[in-house]
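Take a look at the letters that make up each chain.
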Amino acid sequence: MAKRKTIGLFMEGDDAFQEGVIADAVIKAASEKEYNIIICHSLMKKPAYVYGQLSDDIAIGEGAIYKLPDYEIFDGLIILGEVLRPDVMEDIINRAAGKHVPVIDINDCYDGCYKIGYNDAIGMKKMVLHLIREHDCRNIYFMSGFKGNKESEEREAAYRSALEEENIPFRPENIGYGQFYLKSIEVVAEYLEQHEMPDAFVCANDTMAMFVIKYLNEHGYQVPEDVIVTGFDHMKAAAEYQPSVSSVERSLYQSGTLAVQLLEQIWDGKKIPEQSLVPAHLVLNQSCGCVKHTRLDLNRINQEKLNDITRRDMFIHHITELWRDVSPENTVEGMMEVIGKYLEFFELDDLRFCICDDIIRHGSKRSRRICDYSQNMTLVHYQKGKPLEMEPVYYSNILPDLNLQGEKPVQEIFIPLYLKQRTVGYLWVPARYCMREATMIYAFLTIMNSAIIDLCLLREKDALVDKLDSMYVRDELTKLYNRFGMRRNVDKIMKVARRDNKHIMCIELDLDGLKKINDTYGHDAGDNAIVQVANAMRQASERREVCIRSGGDEYLVFGIAEEQRDAEGFIQRVEEYLDEYNSRNQWPYEVACSCGYCVQSASEVESLEEMVTAADKRLYQVKARKKTIRIS
């Protein structure tokens, strides 16, 4: 059986009209041939970053999703390149080249890949020439998108080329930048305050054309009787607008289909052109006067609008309640239990996400990072009607096993979860949700991101509190408790011992010869000796005794005991550890300590200070004996 091909589709943004149409075409073409389709989809849009609306941190966090898969799994990549940042594009192309994966880039001009472009310039030039030749327009205003945007510049150049061809002087004041949206209203208003009404407004997209018409109508002008307005893209909303918008239709769907066809030709060993163009054509409607009357099915349109309004209102209601209910949760289990109640409304019956190891468990250390993701992650899987599944996943290639050669082709979308530029994980949903009711689905996914980020922040806060608490109650060098930690923990031991009629043991330890070690070998050697006694105490602890560094070379141990021999056993284990350490120690000195102890019924203990005093007396006796032995 032949190996099933796997296509990667990399895209950004939530534009259901543009990116969504292309993605639908790619998914449909892949489905017909039973190819796997792996979609890596961030929600950032290139213009928002270029014009300072997104920070570097967000761009890095979003862009990590394209590092998620090992490119070896792909037989080909399709990239909606125009919306991706140049540095992201270059990294993707270089990674693909390293694995000999062909790349088809739709609507951009990066080196190292095959390109599919739109003849936007030809389509826009046809529209401007149509206005000049058929409607005798001479004073034509051009509403561009963003300065520096590739599509804006191409369409503006086409406008100027048409004027030049018809020997019409170009007027710099007849160019404005509506940023493909509401800004167009402000631009028109400013222009008309200083200039006479032009013969036509040519807009770089349909959305701006509809805003321009709206503004003109509200100020007493009729389209097309007083002024012509045209758009670009041939959106359904523009075709059903009143007046219906004359526009240029790009072959978006055709470009997605062509991208898959080009990959198939490459797989078959055929040579394909470095650049392919898909046609664009004029759609002439009422707003330029070519169509006088358009019969619209108003009942259908009104019903669709009513359905959209109802759906939107229900969406706002559900998304608000979801955020309200999920915000208080402080565990993944609790969060998913809440989210599961809302998935039916969002038509999601299968939701998975992977999150980094330090998010699931409080206080856990982060594992090694690979391409910004942790090597150890937890896969959380929710299926309608089934218990929540949470399992650890360990892999070197970040992406869990997708069974690309299984009975059915894999078609999945991966969407980033991140906190600033630190990746937290990724969401994972079936490809059939790609760009479908995009605003609703991606708002839901944003809630998911926010909920997991809140969980991440809670974990980090807890870890910080623990760290601060540890700094307060523990000795920095040995990590044993200090005197603050002693009070907190010994009181707990005392309560248990009194409740169970047990004894309390107090052991005092003193490191032998610390001053001599420091003076002879340096303070690093002295610190090592201090730490080794602490290690010996931890090793000797069998009943969760509280081990304390009470001074420079002084230590205390408190614990529950049955009898006096328990204290003697502890001391013996300390001495055995140090003897073993000294046998392998490379330092030119031995580590030893002197110990004294006191064991007393918990019910008879009046104060810890009394026990410390009693243990200290025995310690003094032990040190005196050692001194007598050395002198003799």
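### Overview of the overall build of the chain
Check the secondary structure of the chain and you find 19 helices and 23 strands. Among the 632 residues that make up the chain, the fraction classed as buried is 52%. Contacts spanning at least 24 positions in sequence make up 74% of the contacts within the chain whose residues lie at least 6 apart. Accessible surface for the chain amounts to roughly 30800 Å². Of this, 49% is attributable to carbon and sulfur atoms.

### Side note on the packing of aromatic side chains
For the structure shown, the criterion picks out 15 aromatic pairs. A ring pair is formed by Phe414 and Trp428, whose centres lie 5.3 Å apart and whose planes are at 35°; its orientation type is tilted. Note that Phe414 is positioned in strand S18 (residues 411-419) and Trp428 in strand S19 (residues 422-430), a separation of 14 residues in sequence. With respect to burial, Phe414 and Trp428 carry one shared label: buried.

### Regarding the sheet that holds strand S7 (residues 175-177)
Pairing is parallel in the open sheet, where four strands are placed in the order S7-S6-S8-S9. Each edge of the open sheet is held by one strand with a lone partner, namely S7 and strand S9 (228-230). Strand-to-strand, the axes of this sheet are offset by a mean angle of 20°, without reference to chain direction. Taken together, the three bridges between strand S8 (residues 200-203) and S9 define a ladder with parallel strand orientation. By the bridge assignment for S9, Phe201 is matched with Val229. On top of the sheet, helix H6 (residues 150-165) reaches strand S6 (140-144) and S7; it is set at about 170° to S6, its chief contact.

### Focus: the nonpolar core
The biggest cluster of nonpolar side chains holds 55 residues, and the ones touching the most others in it are Leu9, Ile78, Leu322, Met336, Ile339 and Phe353. The residues touching Met336, leaving out its near neighbours within four places in the chain, are Leu351, Phe353, Val380, Tyr382, Leu388 and Met448. Counting 47 residues, the second largest nonpolar core, distinct from the first, contains Tyr141, Tyr159, Leu216 and Ala280.

### Brief notes about the pattern of salt bridges
One pass over the structure, following the stated rule, counts 31 salt bridges. Residue Glu151 is joined to Arg250 by a salt bridge in which the shortest nitrogen-to-oxygen separation is 3.1 Å. Here Glu151 is found in helix H6, whereas its partner Arg250 is found in strand S10 (residues 247-250), with 99 residues between them in sequence. No difference in accessibility class separates Glu151 from Arg250, as the two residues are buried. Of the charged contacts, one joins Glu563 and Arg565 as a salt bridge, the two residues approaching to 2.7 Å between their closest N and O atoms. Note on Glu563: relative accessible area 35%, which makes it partly exposed. You can call Arg565 exposed: its relative accessible area is 57%. Each of Asp120, Glu151, Arg155 and Arg250 takes part in salt bridges that share partners, so that together they form one network.

Thresholds applied
Residues numbered from 1 in each chain as written. Predicted model: local features only at pLDDT ≥ 70, side-chain atom pairs only at ≥ 80, totals over all residues. Heavy atoms only, no water. Helix = DSSP H or I, 4+ residues; strand = E, 2+ residues; numbered from the N terminus. Buried < 20%, exposed > 50% of the residue type's maximum accessible area, 1.4 Å probe, protein only. Contact = heavy atoms within 4.5 Å. Areas by Shrake-Rupley, 256 points an atom, 1.4 Å probe, with all protein chains shown as cover. Phe/Tyr/Trp six-rings, centres within 6.5 Å; stacked < 30°, edge-to-face > 60°. Pairing = 2+ DSSP bridges. Axes fitted to C-alpha atoms, helices over the stretch in contact; angles between N-to-C directions. Core = buried A, V, L, I, M, F, W, Y, C linked by side-chain atoms within 4.5 Å. Salt bridge = Lys/Arg side-chain N within 4 Å of Asp/Glu carboxyl O.

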